[in-house]
Amino acid sequence: VYSCRKPKTKRAKRFLEKREPKLKENTKNAMLIKGGNANLTVTEVLKDIYAVKKPFAVLYKKKNITRPFEDQTSLEFFSKKSDCSLFLFGSHNKKRPNNLIIGRMFDYHVLDMIELGVEKFVSLKDVKNSKCPEGTKPMLIFAGDVFDVNEEYRRLKSLLIDFFRGPSVPSIRLAGLEYVLHFTALDGKIYMRSYKVLLKKSGCKIPRIELEEMGPSLDLVMRRTHLASDDLYKLSLKQPKALKPKKKKNISHDVFGTTYGRIHMQKQDLSKLQTRKMKGLKKRPAEKSAEGGGVSPKKSKSG
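Criteria and cut-off values
Residues numbered from 1 in each chain as written. Predicted model: local features only at pLDDT ≥ 70, side-chain atom pairs only at ≥ 80, totals over all residues. Heavy atoms only, no water. UniProt positions renumbered as here; feature names shortened; annotations may be inferred. Helix = DSSP H or I, 4+ residues; strand = E, 2+ residues; numbered from the N terminus. Expected span 1.5 Å × (residues − 1). Buried < 20%, exposed > 50% of the residue type's maximum accessible area, 1.4 Å probe, protein only. Polar contact = N/O pair within 3.5 Å; in protein donor to acceptor, adjacent residues only side chain to side chain. Salt bridge = Lys/Arg side-chain N within 4 Å of Asp/Glu carboxyl O. Core = buried A, V, L, I, M, F, W, Y, C linked by side-chain atoms within 4.5 Å. Contact = heavy atoms within 4.5 Å. Phe/Tyr/Trp six-rings, centres within 6.5 Å; stacked < 30°, edge-to-face > 60°. Lys NZ or Arg CZ within 6 Å of the ring centre and 35° of its normal. Lys, Arg positive; Asp, Glu negative; His and termini not counted. Pairing = 2+ DSSP bridges.

- Under the annotation held in an unreviewed UniProt entry, the chain carries the name Ribosome production factor 2 homolog and is attributed to Pedionomus torquatus.
- Its UniProt record gives the chain the following Subcellular location (unreviewed entry) comment, quoted word for word: "Nucleus, Nucleolus".
- We quote the UniProt Sequence similarities (unreviewed entry) comment for the chain here in full: "Belongs to the RPF2 family."

### Quick notes on helix α5 (residues 151-164)
- In this model α5 runs 20 Å from its N-terminal to its C-terminal C-alpha over 14 residues, within 8% of the 20 Å that 1.5 Å per residue would give.
- Regarding α5, the residues found buried are Tyr153, Arg155, Leu156, Leu159, Leu160, Asp162, Phe163 and Phe164.
- The N-terminus of α5 is capped by Asn150, whose side-chain oxygen sits 2.8 Å from the backbone nitrogen of Glu152.

### Some thoughts on the pattern of salt bridges
- Going through the model one piece at a time under the given rule, you end up with 14 salt bridges.
- A salt bridge links Asp112 to Arg155, with the nearest nitrogen and oxygen atoms 3.6 Å apart. With Asp112 in strand β5 (residues 109-122) and Arg155 in helix α5, the pair connects residues that are 43 residues apart, well separated along the chain.
- Sharing partners across several salt bridges, the network here consists of Lys28, Arg104, Asp112, Glu151, Arg154, Arg155 and Asp162.

### Digging into the nonpolar core
- By size, the foremost hydrophobic cluster in this structure holds 35 residues, and its most contacted members are Ile49, Leu88, Ile102, Leu116, Phe163, Phe164 and Phe183.
- Residue contributions to this core peak at six residues, all from α5.
- With residues near it in sequence (within four places) discarded, Phe163 still touches Ala30, Ile49, Lys53, Leu86, Phe87, Leu88 and Ile102.

### Some remarks on the packing of aromatic side chains
- Per the counting criterion, the structure on display carries seven aromatic pairs.
- Ring geometry for Phe147 against Tyr153: centres 6.2 Å apart, planes inclined by 70°, an arrangement best described as edge-to-face.
- In textbook terms, an aromatic cluster arises when at least three aromatic residues are bridged by ring pairs, as seen for Phe142, Phe147, Tyr153, Phe163, Phe164 and Phe183.
- One cation-aromatic arrangement involves Arg155 over Tyr233; the distance from NZ or CZ to the ring centre is 3.9 Å.

### Considerations on the side chain of Lys34
- Within the element layout of this structure, Lys34 appears in strand β1 (residues 30-35).
- At 8.9 Å, Glu44 is the nearest oppositely charged side chain to Lys34, a buried residue that forms no salt bridge.
- Side-chain polar atoms of Lys34 contact the backbone oxygen of Lys61, separated by 3.3 Å.
- Apart from residues no more than four positions distant in its own chain, Lys34 is found in contact with Thr43, Leu46, Tyr60, Lys61, Lys62, Lys63, Asn64, Phe89 and Gly90.

### Observations concerning the pairing of β1
- Burial analysis of β1 places six of its six residues in the buried class, which makes it a mostly covered element.
- Because side chains alternate across β1, one face comprises the buried residues Ala30, Leu32 and Lys34, and the other comprises Met31, Ile33 and Gly35, equally buried.
- Bridging between β1 and strand β2 (residues 57-64) involves six bridges; their strand directions are parallel. Bridge pairing in β2 links Gly35 to Asn64.

The following block contains the structure:
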């Protein structure tokens, strides 16, 4: 393991420091691996996903004879070598034609992976439209109740978000929202579509939005799954204490998001409270004399 090695040069030291655990982790990289019997369709799918993921991806062009569901040592080796925590493995055989295995690693070991079969594929080059620049962060849309009901589909949704989300950004501008990845789960199939967002003139400040299909387009069906146990999955989601928000005393929020603060004050003497000087609030002479304990200066008229 890289952490056990002692660097001999400053360059090697910087290299190892980049791979050390951090409070805010680097953007997750993905490795795209071609199996020993991958056909043209699988190869084109891997190339298009690589084009979508660049520059946070590594494409292995040579064929690698391995079966991830039976032996995961090769994937773990490539994960350590390329410092990638996401992977997409493509293969093809008579039993499972046009096969894709999408998964992620935790501590350089396979956390979970899901096998998907490609039933229909439209490549980037087959759609004759303008493309988005490299490194564009996509907007992810998931349609279908099954993504929230079924555990396997729920884990697939989490896996796809992890795979395509890209870098975390502090702010967003409207012109930067130009790429949409849409996943629809319907009748046992998953439909992946990608669109370019076109901002048209609308006669007001808010532009009129149109979606133009860009590619790649995939019709997928779920096959085998290898999901992490609840304990391991919970461990992988654990955050360091430094990142957890500190609780603030006497602050509460209502259902609408309004913040309320409770202030503790010492007891005040309201009789000495300075108010606005108005005629209606002025004390009468009788009230002043009563406070002073003296006799009123006015004498009562004799009958």
